[in-house]
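Here is what each chain is made of, one letter per residue.
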Amino acid sequence: MTPAILTLAILLVAVVLFVTEKIPLAVTAMLVLISLVLSHILTPEEAFQGFVNKNVILFCAMFVVGGALFETGMANRIGGLVTHFAKTERQLLAGVMIVVALLSGFLSNTGTAAVMIPAVLGIASRSGIRRSKLLMPLAFASAMGGNLSLIGAPGNLIVDSTLAQMGDGAHFGFFSFALIGLPMMIVALIYFLSVGYKLLPDHDVPDDGAFSDHVVESAPWKQYFALAILVATVLAMVFQSFIGFGMHVIGVVGALLLILVGIMSETKALRAIDARVIFLFAGMLPMATAMQKTGLGTMLAENVVEQLGHAPSPRLLLSVLFVISAGLSQFMSNTATTALLAPIGGAIAVGLGADPSAVLMAIVIGGSCAFATPLGMPANTMVLGLGGYSFNDYVKAGLPLVVVGYLVSVILLPMIWPFYPNG
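- As recorded in an unreviewed UniProt entry, the protein goes by the name SLC13 family permease, listed as coming from Salinisphaera aquimarina.
- Heading Subcellular location (unreviewed entry) of the UniProt record for the protein holds this comment: "Membrane".

Structure follows, in structure tokens:
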């Protein structure tokens, strides 16, 4: 068996394990890594390089910086502001989606949803609005908010690392994702305030008191300090070229400041770091290296080109990859979907002699469109019982939103990142 075929076999086994989740996702990723070593496809140094990847360091730092907002109660306080401005049911829905999206653009999507769910339940209880009209848009907004910045979701950093590997060291900018994410969010808001609102379930779910909007808050100075550190960290990342330090260094400085002033204890800081995401990211990163080293990427690219025809239309290729990514993400982790498809999509683009930026962006945006089932992302599952939702409720309200994401992406991506910028 050639190294390329063996790499493909490992990849296919990973697909099955990711989809079925018979074993934890992070364990699957580590099995991929160690299989590449034991089969002599990669050296141990090549395989474990992901653990010292600067994006892994950035992950850890931002888990701590974002965790401080949750720990102090500042995230909940920000979320509560929406009640002061929303006067009607549709205004409340729009306010919830905007606040959740903005928070999840810089914080953990799942963490943002977890903080906002009790607040929204309290709002629904006080206002008499059906919670089923608010909770599903909240979950969807947490995913869309992840498309507003480089640190908005793990998948963003995955495709950024893949671009650096396959695009001659190129990187996406801090707000590059917002070029697609912001238009998509605007169109989604219009959708939910018009047609989508009528598709949202209208279930009368009794308030069982299991959740309340009461959150133990820290002293105000701690809340504002945590917010100030987050804002300062993000601004420093935006202007990193002027500062002269990478985003991972800036993130570590922010995390250390929070610990040194007592906002986060060492124990809480370590607890805030999601080790599953770290191992999933670092475990799958070597797959891109293996695909390049063995020639599997070129082989897949040639096969796709053969199926799509010589020099396929950029929009056709983007459509195919978006649909595959969005389809997989309905039933498996969107982070895992992105980690799985990024090296394949990048290799296809490189094989065509094209800039891989648009292809990688289509994969990560498609992976974030996990709206049509309660399985695609944790936030969907979290609101399932609270909103009294059925599986078909997600299909009815979420599938049109996937189509919205597809249309926005296929129209804008080739315009923002041309396949052949010098052609």
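1. Some remarks on the overall build of the protein
- For the protein, the count of helices and strands is 23 helices and zero strands.
- The C-alpha radius of gyration of the protein comes to 21 Å, within 12% of the 22 Å expected for a compact globule of 423 residues.
- For the protein, the C-alpha atoms occupy an extent of roughly 65 × 50 × 45 Å along the three principal directions.
- For the protein, the proportion of its 423 residues judged to be buried stands at 54%.
- Excluding contacts between residues fewer than 6 apart, the proportion of contacts in the protein whose partners are at least 24 apart in sequence is 79%.
- Summing over all exposed atoms, the protein offers an accessible surface of approximately 17,400 Å²; the carbon and sulfur share of this is 67%.

2. Quick word on the packing of helix 11 (residues 178-193) against helix 23 (residues 391-416)
- Taken N-terminus to C-terminus, the directions of helix 11 and helix 23 make an angle of 145°; their axes are 9 Å apart at the nearest point. Helix 23 is crossed by helix 11, and the crossing has right-handed handedness. From helix 11, Leu 179, Ile 180, Pro 183, Met 184, Val 187, Ala 188, Tyr 191 and Phe 192 reach across to helix 23, where they touch Lys 396, Ala 397, Pro 400, Leu 401, Val 404, Gly 405, Val 408, Ser 409, Leu 412, Leu 413 and Ile 416.
- Of the residues assigned to the contact of helix 11 with helix 23, the class counts are 16 nonpolar, two polar and one charged.

3. Let's talk about the pattern of salt bridges
- Inspection of the entire model under this criterion finds three salt bridges.
- Across the pair Arg 130 and Asp 202 runs a salt bridge whose closest N-O atoms are separated by 3.2 Å. With a gap of 72 residues between them, Arg 130 in the loop between helix 8 (109-127) and helix 9 (132-145) and Asp 202 in the loop between helix 12 (195-199) and helix 13 (220-238) connect regions that are remote in the sequence.

4. What about the packing of helix 4 (residues 54-72) against helix 17 (residues 275-294)?
- Between helix 4 and helix 17, whose axes approach to 10 Å, the crossing angle comes to 170°. What the angle tells us is that helix 4 and helix 17 run roughly antiparallel. Here helix 4 runs over helix 17; the crossing is right-handed. Residues Asn 55, Val 56, Phe 59, Cys 60 and Phe 63 of helix 4 lie in contact with helix 17, whose contacting residues are Val 277, Ile 278, Phe 281 and Ala 282.
- Split into classes, the residues belonging to the contact of helix 4 with helix 17 amount to eight nonpolar, one polar and no charged.

5. Re helix 15 (residues 247-260)
- For helix 15, with 14 residues, the first-to-last C-alpha span of 20 Å sits near the 20 Å given by 1.5 Å per residue.
- In this structure, the buried residues of helix 15 make contact with helix 4, helix 13 and helix 14 (240-243).
- Of the residues trailing helix 15, Gly 262 is marked for its positive phi of about 90°.

6. Points about the nonpolar core
- Of all hydrophobic cores here, the largest spans 140 residues; its most connected members are Phe 18, Phe 140, Met 144, Met 284, Met 361, Phe 371 and Leu 401.
- Those residues in contact with Met 144 that sit more than four places away from it in its chain are Met 97, Met 184, Met 185, Ala 188, Phe 371 and Leu 401.

7. Brief notes about the packing of aromatic side chains
- A complete count under the given rule lists 13 aromatic pairs for this structure.
- Grouping aromatic residues by their ring pairs yields a cluster made of Phe 140, Tyr 191, Phe 192 and Phe 371.
- Over the ring of Tyr 197 we find Lys 133; its NZ or CZ atom is 4.4 Å from the centre of that ring.

8. Looking at the side chain of Gln 330
- Structurally, Gln 330 can be placed in the loop between helix 19 (314-329) and helix 20 (334-351).
- For Gln 330, a relative accessible area of 7% puts it in the buried group.
- Not counting residues up to four positions away in its chain, the partners in contact with Gln 330 are Cys 369, Ala 370, Phe 371, Ala 372, Thr 373, Leu 375, Gly 376 and Val 402.

9. Points about a nonpolar patch on the surface
- There is a patch of nonpolar side chains on the surface, built from Val 231, Leu 235, Phe 239, Phe 242, Ile 243, Phe 245, Val 249, Val 253 and Leu 257 and spanning about 850 Å² of accessible area.
- Within the residue set of the nonpolar patch, elements represented by two or more residues are helix 13, helix 14 and helix 15.

10. Thoughts on unusual backbone geometry
- The residue His 40 is not glycine, and still its phi comes out positive at about 65°.
- Here His 40 is to be found in the loop between helix 2 (25-38) and helix 3 (44-47).

11. Observations concerning the environment of Gly 327
- Structurally, Gly 327 is set in helix 19.
- Separated by 193 residues in sequence, Gly 327 and Leu 134 have C-alpha atoms that sit 25 Å apart.

12. Here's the deal with helix 4
- With 19 residues, helix 4 extends 28 Å between its outermost C-alpha atoms, agreeing within 8% with the 27 Å of an ideal straight helix rising 1.5 Å per residue.
- Across the 19 residues that make up helix 4, a large majority, 14, are buried.
- Gly 73 sits one or two positions beyond helix 4 and adopts a positive phi of about 90°.

Analysis parameters
- Here the residue numbering is sequential within each chain, running from 1 through the sequence in written order.
- The model is predicted, so local features are restricted to residues of pLDDT at least 70 and side-chain atom pairs to those at 80 or more, both for listing and for counting; the totals for chains, interfaces and linings are taken over all residues.
- Neither water nor hydrogens contribute to the side-chain values; these are computed over all heavy atoms in the structure.
- UniProt positions are given in the numbering used here, feature names are shortened, and annotations may be inferred rather than shown by experiment.
- To qualify as a helix, a DSSP run of H or I must reach at least 4 residues; to qualify as a strand, a run of E must reach at least 2; elements of each kind are numbered from the N terminus.
- For a compact globule the rule gives 2.2 Å times the number of residues to the power 0.38, and the radius of gyration it is set against comes from C-alpha atoms.
- Only protein chains enter the calculation, and the probe is 1.4 Å; a residue is then buried if its accessible area is under 20% of its type maximum, exposed if over 50%, and partly exposed in between.
- For this analysis, residues touch if any pair of their heavy atoms sits within 4.5 Å.
- Note on areas: these come from Shrake-Rupley sampling with a 1.4 Å probe, and a residue is covered only by the protein chains present in the view.
- For helices, the fitted line uses only the C-alpha atoms of the stretch in contact; every axis is such a line through C-alpha atoms, and the angle between N-to-C directions lies from 0 to 180 degrees.
- A crossing counts as left-handed when the near helix is turned anticlockwise from the far one by less than a right angle, and as right-handed when that turn is clockwise.
- Side-chain classes are defined by residue name, with Ala, Val, Leu, Ile, Met, Phe, Trp, Tyr, Cys and Pro counting as nonpolar, Asp, Glu, Lys and Arg as charged, and the others, Gly among them, as polar.
- What counts as a salt bridge is simple: a side-chain nitrogen of Lys or Arg found within 4 Å of a carboxyl oxygen of Asp or Glu.
- An angle counts as roughly parallel when it lies under 35 degrees, as roughly antiparallel when it exceeds 145, as roughly perpendicular when it falls between 65 and 115, and as oblique in every other case.
- In this scheme, a helix's expected span is set at 1.5 Å multiplied by one less than its residue total.
- Put simply, a nonpolar core is a bunch of buried Ala, Val, Leu, Ile, Met, Phe, Trp, Tyr and Cys residues held in one set by side-chain atoms that sit within 4.5 Å of each other.
- Ring geometry is summarised as follows: Phe, Tyr and Trp rings, the Trp one being its six-membered ring, pair when their centres sit within 6.5 Å, and such pairs are stacked at plane angles under 30 degrees, edge-to-face over 60 and tilted between the two.
- Charge-over-ring placement is defined geometrically: NZ (Lys) or CZ (Arg) within 6 Å of the ring centre, and within 35 degrees of the ring normal.
- Patches here are clusters of residues that have more than 30% relative accessible area and form no salt bridge, with a 9 Å joining cutoff for like charges and a 5 Å cutoff for nonpolar side chains (Val, Leu, Ile, Met, Phe, Trp, Tyr).

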